[in-house]
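One letter stands for each residue in the lines below.
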Amino acid sequence: AFGQISEKDILQHPIEWYPANGIDLRLGAAVGEFTATPGAVGKETFDALIVATGAGPILPDYVRLAPGAILPLWNQGDAIRIREKARAGAPLVILGGGIIGIETALRAADAGMKVTLIEKMERLMPGYFGPGGSAVLAAVLERKGIRVLVSRSVSTVRNEGAALDLDGGESLEPTLAIVSIGARRDPALAARAGLQTGLGIVVDAAQRTSAERVFACGDIAQIGDCPSRCSVPEALAQGKVAGHNACGAPPFLTHEPKTAALSF
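Read on for an overview of the structure. Note that the structure is predicted; figures quoted are calculated from it, not measured. All chains use their own residue numbering, which begins from 1 and follows the written sequence. Local features in this predicted model are restricted to residues whose pLDDT is 70 or higher, and side-chain atom pairs enter the listing and the counts only when it is 80 or higher, whereas totals over whole chains, interfaces and linings include all residues. For side-chain calculations, the full set of non-hydrogen atoms in the structure is used, while hydrogens and water are omitted.

A few points about the pattern of salt bridges
Take a side-chain nitrogen of Lys or Arg and a carboxyl oxygen of Asp or Glu: if they are within 4 Å of each other, that pair is a salt bridge. Considering all chains together, one arrives at eleven salt bridges under this definition. The closest approach of N and O atoms between Arg192 and Glu33, which form a salt bridge, is 3.1 Å. Here Glu33 lies in the loop between α1 (17-20) and β1 (40-41) and Arg192 lies in helix α5 (residues 188-192), a separation of 159 residues in the sequence. Burial classes: relative accessible area under 20% of the type maximum marks a residue as buried, over 50% as exposed, and values in between as partly exposed (1.4 Å probe, protein chains only). With a relative accessible area of 52%, Arg192 lands in the exposed category. Between Arg208 and Asp204 there is a salt bridge, and its shortest N-O distance comes to 3.2 Å. In this structure Arg208 comes out as partly exposed when scored by relative accessible area, which is 28%. Residues participating in the shared-partner salt-bridge network are Arg147, Arg152, Asp167 and Glu170. Secondary structure elements follow DSSP: runs of H or I of four or more residues count as helices, runs of E of two or more count as strands, with numbering from the N terminus.

Here is the structure:
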């Protein structure tokens, strides 16, 4: 999003790799409905199906009040819009101190922006670290020139996002704000197909859904009572298990979740 890497460099494979390996890649092709048994997906048929639709960003109501001034960072289109607005020396506010928010803050600081990171919780990433680990993380960010505010959130958006009032009384006037406060899964498509769903699509350790030949992996998958909180390595591991098992290659592989890691 801040120009340190080109768009082609983030691709897992170049576009031409897919047809060369017998893969019919269809970009921008939405699936409206599918069946949970081998058969039709729209006008297509399948012997096995993998659902890897991920999750979407949680967007608070104030984002709608500031179109173009408060942006999510979730996909390539978002990154392009942010890059068009990013300027060295300009003030940037990042709302949300999770993995995406922290990585974004680091990259923005490297690009020369004046970064303020705001987290609603009392410390950074309490789901991953204890108080000591959170304090170390905050210290790392501050050494890189990133201002970290915890136990704070936006109370009011003024002037179409040009001013953000915080619940502690402080007001900020960023050139751009990026919101990254979590993910929301939408298993409605799978539920309409008759799959067992909860917060995500319920799968076993083999990434198999309640339908024998349908698998799910990544953020949309729910193992046990909770959906996955996938890092990239975790999502790739689940995808490999789902792909192996969908192809019917015995024996079934199973997946054990790994701990996510941050790079600084």
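Section: the packing of aromatic side chains
Aromatic pairs are defined between Phe, Tyr and Trp rings, using the six-membered ring for Trp, whenever the two ring centres lie within 6.5 Å; interplanar angles under 30 degrees are classed as stacked, those over 60 as edge-to-face, and all others as tilted. Tallied over the full model, the rule gives one aromatic pair. Each ring, one from Trp17 and one from Tyr18, has its centre 5.1 Å from the other, and the planes form 85°; the classification is edge-to-face. A relative accessible area of 30% means that Trp17 is categorised as partly exposed.

Some remarks on the sheet that holds strand β10 (residues 163-166)
Ordered in space as β9-β10-β11, the three strands form an open sheet in which the pairing is antiparallel. The outermost strands of the open sheet, each flanked by one partner alone, are β9 (154-158) and β11 (171-172). Two strands pair under a simple rule: DSSP has to find at least two bridges between them. One ladder, built from two bridges, connects β10 with β11; its direction is antiparallel. Note that in β11 the partner of Leu164 across the bridge is Leu172.

Describing the nonpolar core
Ranked by internal contacts, the top residues of the largest apolar core, which has 26 residues, are Phe2, Leu92, Met113, Val115, Leu141 and Ile146. Only α2 (76-85), β6 (91-95), α3 (99-110), β7 (114-119), α4 (131-143) and β12 (176-179) provide two or more residues apiece to this core. The element that contributes the greatest number of residues to this core is α3, accounting for five residues. Look past the residues within four positions of Met113 in its chain and what remains in contact with it is Phe2, Ala86, Arg87, Gly89, Ala90, Leu92 and Ala108. Ala66, Ile70, Leu166 and Ala177 belong to the second-largest nonpolar core, a separate cluster that totals 16 residues. Put simply, a nonpolar core is a bunch of buried Ala, Val, Leu, Ile, Met, Phe, Trp, Tyr and Cys residues held in one set by side-chain atoms that sit within 4.5 Å of each other. Any two residues having at least one pair of non-hydrogen atoms within 4.5 Å are treated as being in contact.

Quick notes on a nonpolar patch on the surface
Among the surface-exposed residues, Ile5, Ile10, Leu11, Ile15, Trp17, Ile23, Leu25 and Leu27 lie close enough to one another that they form a single nonpolar patch of about 720 Å² accessible area. Assignment of secondary structure puts Ile5 in the segment before α1. Patch members must show over 30% relative accessible area and no salt bridge, and they are joined within 9 Å when carrying like charges or within 5 Å when they are nonpolar side chains of Val, Leu, Ile, Met, Phe, Trp or Tyr. Note on areas: Shrake-Rupley, 1.4 Å probe, and residue coverage restricted to the protein chains presented here.

A few points about the environment of Gly101
Take Gly101: it is sitting in helix α3. In the structure, Gly101 is positioned 49 residues away from Ala52 in sequence and 23 Å away in space, judged by C-alpha atoms.

Observations concerning the sheet that holds β7
Read from one edge to the other, the open sheet built from five strands follows the order β5-β12-β6-β7-β8, with strand pairing classed as parallel. Two strands bound the open sheet, and with one partner strand each, they are β5 (70-72) and β8 (147-150). Here the strands of the sheet are splayed against their neighbours by 20° on average, with no regard to which way each runs. Pairing analysis gives three bridges linking β5 to β12, with the strands arranged parallel. Within β12, the position partnered with Leu71 by the bridge is Ile178. Here α2 sits on the sheet and contacts β5 and β12; the angle it forms with β5, its principal contact strand, is near 145°. Axis angles are defined between N-to-C directions and span 0 to 180 degrees, where every axis is a line fitted to C-alpha atoms and, for a helix, only to the segment in contact.

Brief notes about the pairing of β9
Across four bridges, the pairing between β9 and β10 is antiparallel. Its bridge partner being in β10, Arg158 is matched across the sheet by Ala163. Counted between consecutive antiparallel strands, the loop separating β9 from β10 contains four residues, among which Asn159 sits at a positive phi close to 55°.

Side note on the pairing of β12
Neither face of β12 is exposed, since Leu176 and Ile178 on one face and Ala177 and Val179 on the opposite face are all buried. Relative to β12, β6 runs parallel, the two sharing four bridges. The partner of Leu92 across the bridge, within β12, is Leu176.

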